[in-house]
Amino acid sequence: MTQYAIVTDVNRCVGCLACSVACKVVNGVPVGSFWNKTLRITNPSAGGQNWPDIDNYYLTISCQHCADPECVKVCPTGASHKLEDGTVQIDKSKCIGCQFCAMSCPYGVRYLNEEERVVEKCTLCEQKIAQGELPQCVSQCGGMARWFGDLDEGLESFRGARGETLGAFCEPFTEADVHTLPDVGNGPEGRYILRRMTWRGGEE
């Protein structure tokens, strides 16, 4: 079994937005819409409430290619579906633009393409990974924060922009450092590594 996903080393992300821009360019995402968003998270640290006693990090949000996606459950035509590689895709020829999937997504990462009247979202650059390439957001990450691979092979095996593996390149991490976005029964497959700071990405 395969479950492709993106792992983000949050400690390495500098919030440059290169992943968001690269995604929009390669996938033709219209102005005002995003397949990949970057949020700034700021929290008081254990030391106090004011600068510099705060935790600050960037959190990238895109389709989590869930294990049991809500969007697939509510799609009346089968347009939203999960492939054998674990990715969740949209068959535009079947999409009727009802937006049930967008309303059911816990992460708000789907939108209606007004011109085509179909729903769109991150595909993990299926056109690239089918040829053994990395998703564009991973290959363009200058901070080496984004990594792509198969969860069934372990996070350490994930590949980055320069060909290294996460396990060989990044600072060591423990299981307690690995997080997901809130799980409402859908099983988000994206992973986030955050060390030495309080995770505020949601319940796990």
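Note on numbering: residues in each chain are counted from 1, in written sequence order. A pLDDT threshold of at least 70 governs which residues receive local features in this predicted model, and a stricter bar of 80 or more applies before side-chain atom pairs are shown or counted, although totals over entire chains, interfaces and linings include all residues. Water and hydrogen atoms were dropped before computing side-chain values, which therefore reflect all heavy atoms in the structure.

Per an unreviewed UniProt entry, the chain is named 4Fe-4S ferredoxin, and its organism is Eggerthella sinensis.

**Q** Any chance you could explain the overall build of the chain here in plain terms?
**A** Looking only at helices and strands, one finds six helices and ten strands in the chain. Every radius of gyration here is taken over C-alpha atoms, with the globule rule written as 2.2 Å times N^0.38, N being the number of residues. For a compact globule of 204 residues, the expected C-alpha radius of gyration is about 17 Å, and the chain comes in at 17 Å, within 12% of that figure. Taking the principal axes of the C-alpha coordinates as reference, the chain spans close to 50 × 35 × 30 Å. A 1.4 Å probe rolled over the protein chains alone gives each residue an accessible area, and that area as a share of the maximum for its type sets the label: buried under 20%, exposed over 50%, partly exposed in between. The buried share among the 204 residues of the chain stands at 50%. Sequence separation of 24 or more characterises 53% of the internal contacts of the chain that already satisfy a separation of 6 or more. Helix and strand assignments follow DSSP, with helices taken as H or I runs no shorter than four residues and strands as E runs no shorter than two, numbered in order from the N terminus. In what follows, residue pairs with any heavy atoms lying within 4.5 Å of each other are defined as contacts.

**Q** Would you mind showing me how to read helix H1 (residues 18-27) here?
**A** Helical periodicity: at 3.6 residues per turn, an α-helix aligns residues three or four positions apart in one direction. All of the buried residues along H1 are Cys19, Ser20, Ala22, Cys23, Lys24 and Asn27. The elements touched by buried residues of H1 are strand S2 (36-44), strand S3 (54-62), helix H4 (126-129), helix H5 (136-139) and strand S8 (146-150). Positive phi shows up at glycine 28, right after H1, with a value of about 65°.

**Q** Hey, could you run me through unusual backbone geometry in this one?
**A** For residues that are not glycine, phi is negative in most cases, and the peptide bond is trans in most cases. With phi around 70°, glutamine 99 is a residue other than glycine that occupies positive phi space. Residue placement: glutamine 99 occurs in the loop between strand S5 (88-90) and helix H3 (100-104). You will see that methionine 144, though not glycine, has its phi angle at about 55°, which is positive. Within the element layout of this structure, methionine 144 appears in the loop between H5 and S8. Taking relative accessible area as the criterion, methionine 144 reaches 3% and is therefore assigned buried.

**Q** Can you help me understand the nonpolar core in this one?
**A** Most often, soluble globular proteins have nonpolar side chains that are buried together. Definition used in this section: a nonpolar core is a set of buried Ala, Val, Leu, Ile, Met, Phe, Trp, Tyr and Cys residues joined via side-chain atoms within 4.5 Å. With 27 residues, the main nonpolar core has Leu59, Ile61, Tyr107, Phe148, Leu181, Tyr192 and Trp199 as its most contacted residues. Contributions of two or more residues to this core are made by H1, S3 and H5. Looking at this core, the element that brings in the most residues is S3, giving three residues. Ala5, Val7, Trp147 and Leu166 belong to the second-largest nonpolar core, a separate cluster that totals twelve residues.

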